[in-house]
Amino acid sequence: MYPLFNLVVKKQKCSEEDDVVNNNPCQTYEDDTISAKDLEIRYNCLKFTWEPPVSFAFPVQLEGNRTSKFQHKYLQLFPWLAYSKDKQGAFCKWCVIFANSGGGPLGKLVKIPMVKYKHCLTDLKNHAKTDYHLLSAQRANDFLHNYETGNQKSVNVLLDNHNRIETGDSDLITHLETSKKNCTMISPTIQNEIVEAIRLVIQNKIVERVKTSKLYSILCDETTDVSTVEQFTLCVRYVDVPNCVILEDFLGFIKMESTTGIAIATANQNELENIGLTFENLCGQGYDGDSNMSGVNNGSKKQDLSKALADVTVVKESLEAVREDIVSYFKNIFNEVTSIATKVNVEIKTPRVCGRQTNRVNIQSSPEEYYHISIFIPFLDNILLQLQTRFNQQLKEVIAFEGLIPANFSAYNRYKYAYSILSAAPLYENALINLKAELTMW
């Protein structure tokens, strides 16, 4: 049983002159079956509720020494709010239809209208945060989606409180018939506790599989729920070791107080530690929609790692050739610099030196010899050292891993692809099982 605000709802067939959306008094509707007409009534309650015009004169209520009245703007601020002209008060149309219990008796905005408006905004905001309202909001959204898409079966399951009984669930029948009203265990609170218990069981199973795999990656994305709470979805990507396949599983939502980089990293680390995963085994992170890493905004362009490594090799070989014949190379450079300095009347000098110097080169010689020994040779040696350190033989061996990127498949034929990648695998012995799973999947 639930009140329907400003709607004609009759147990018998409606006559043609009855208008679904009018100003008739709030009615009650009670039936054990869900017919097409019943579903239509519920749908009309949600979609075509009577809305007073802007010029409507709401009744003034006396509250203590002051007066107050309903404001039309409340209907725009809260899409679930409806006003009954006949009851002269406000209702939550979602809760009127879908709220079964609120952990206590349902009253204002559900069973009885809201008629006092001194603290109206505060009361409406508090109502929007209640568990039964959030559940009713989800049910209303699901009902509208299923009704409008023609999913009649889902609509019936959503609304029919006796669905399991009608399918012959004798245990449930016995339980509901013999239990006291406060021990039926079907309240939204109990249902949420059951869902939470199921969540923990599933989450623990996933964590056990991730621990078996050892290495894992996380995938995160920002989302906002129906109550506008900012949260992050946390998924984990790992290898199912027995089957040698890559799996991506949803771990849960993380409530966020802030979406800064530090806040996200801290929240992720805390959540992973809470569920039993170590941060040390985290080998990758993915965040959808990270615009500051996108080439569209900062001009970054796609990098071909193989080509980059080949270009670096050419540069390094050229510099090594210069190093082998450094005297003649530097003499040519210095002669060119001297010629330019002469044209602009600049004398090439060495820095001031002293008899005993410990913090910089102390070569007492000609400018050419000074710059040759103290500047050119150290500078060239440092560049070569950096190139050798950053682009060493190990990088050449592991560069084949780029073949795991779909865009690079064409650069590797079938045999070269598998041989090159697997030959690099010993460098990452701990992740060998993960690598085989990746190859199997691709």
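The structure this text deals with has already been given above.
Residues numbered from 1 in each chain as written. Predicted model: local features only at pLDDT ≥ 70, side-chain atom pairs only at ≥ 80, totals over all residues. Heavy atoms only, no water.

*Asks:* Go over the sheet that holds strand 9 (residues 245-255), please, and point to the residues and values.
*Replies:* With mixed pairing, the four strands of this open sheet are ordered in space as 9-8-7-10. On the outer flanks of this sheet lie strand 9 and strand 10 (282-287), each paired with one strand and no other. Averaged over all pairs of adjacent strands, the angle between their axes in this sheet comes to 25°, without regard to strand direction. Here strand 7 (residues 216-224) pairs with strand 8 (residues 230-240) via eight bridges, running antiparallel. Residue pairing in the sheet places Asp 221 in a bridge with Thr 233 of strand 8. (Pairing = 2+ DSSP bridges. Helix = DSSP H or I, 4+ residues; strand = E, 2+ residues; numbered from the N terminus. Axes fitted to C-alpha atoms, helices over the stretch in contact; angles between N-to-C directions.)

*Asks:* Mind laying out helix 10 (residues 261-275), listing which residues take part and the relevant values?
*Replies:* Side chains that are three or four residues apart share a direction in an α-helix, a result of its 3.6 residues per turn. Over its 15 residues, helix 10 runs 21 Å from end to end, which matches the ideal 21 Å to within 8%, given 1.5 Å per residue. Among the residues of helix 10, those classed as buried are Ile 264, Ala 267, Asn 268, Leu 272 and Ile 275. Taken around the axis of helix 10, the buried residues stretch over an arc of 130°, which confines them to a single face. Seen from the buried face of helix 10, the exposed residues on the opposite side, beyond 90 degrees, are Ile 262 and Asn 274. Looking at the buried side of helix 10, the elements it contacts are helix 9 (188-213), strand 7, strand 8, strand 9 and strand 10. Just downstream of helix 10 lies Gly 276, where phi reads positive at about 100°. (Expected span 1.5 Å × (residues − 1). Buried < 20%, exposed > 50% of the residue type's maximum accessible area, 1.4 Å probe, protein only. Arc of directions from axis to C-beta. Contact = heavy atoms within 4.5 Å.)

*Asks:* So what about the pairing of strand 9? Which residues, and what values?
*Replies:* Each regular strand displays side chains that alternate between the two surfaces of the sheet. In terms of strand pairing, strand 8 meets strand 9 through 10 bridges, oriented antiparallel. Its bridge partner lying in strand 9, Tyr 238 is registered against Leu 247. The hairpin formed by strand 8 and strand 9 contains four residues between the paired strands, and Cys 244 there has a positive phi angle of roughly 55°.

*Asks:* Any chance you could break down helix 13 (residues 326-343) for me, citing the residues and the numbers?
*Replies:* The first and last C-alpha atoms of helix 13 sit 26 Å apart over 18 residues, in line with the 26 Å expected at 1.5 Å per residue. Those residues of helix 13 that sit buried are Ile 326, Phe 330, Phe 334 and Ala 341. Taken down its axis, helix 13 places every buried residue within 50° of arc, on the same side. Along helix 13, the residues that are exposed and aim more than 90 degrees away from the buried face are Asn 332, Glu 336, Thr 342 and Lys 343.

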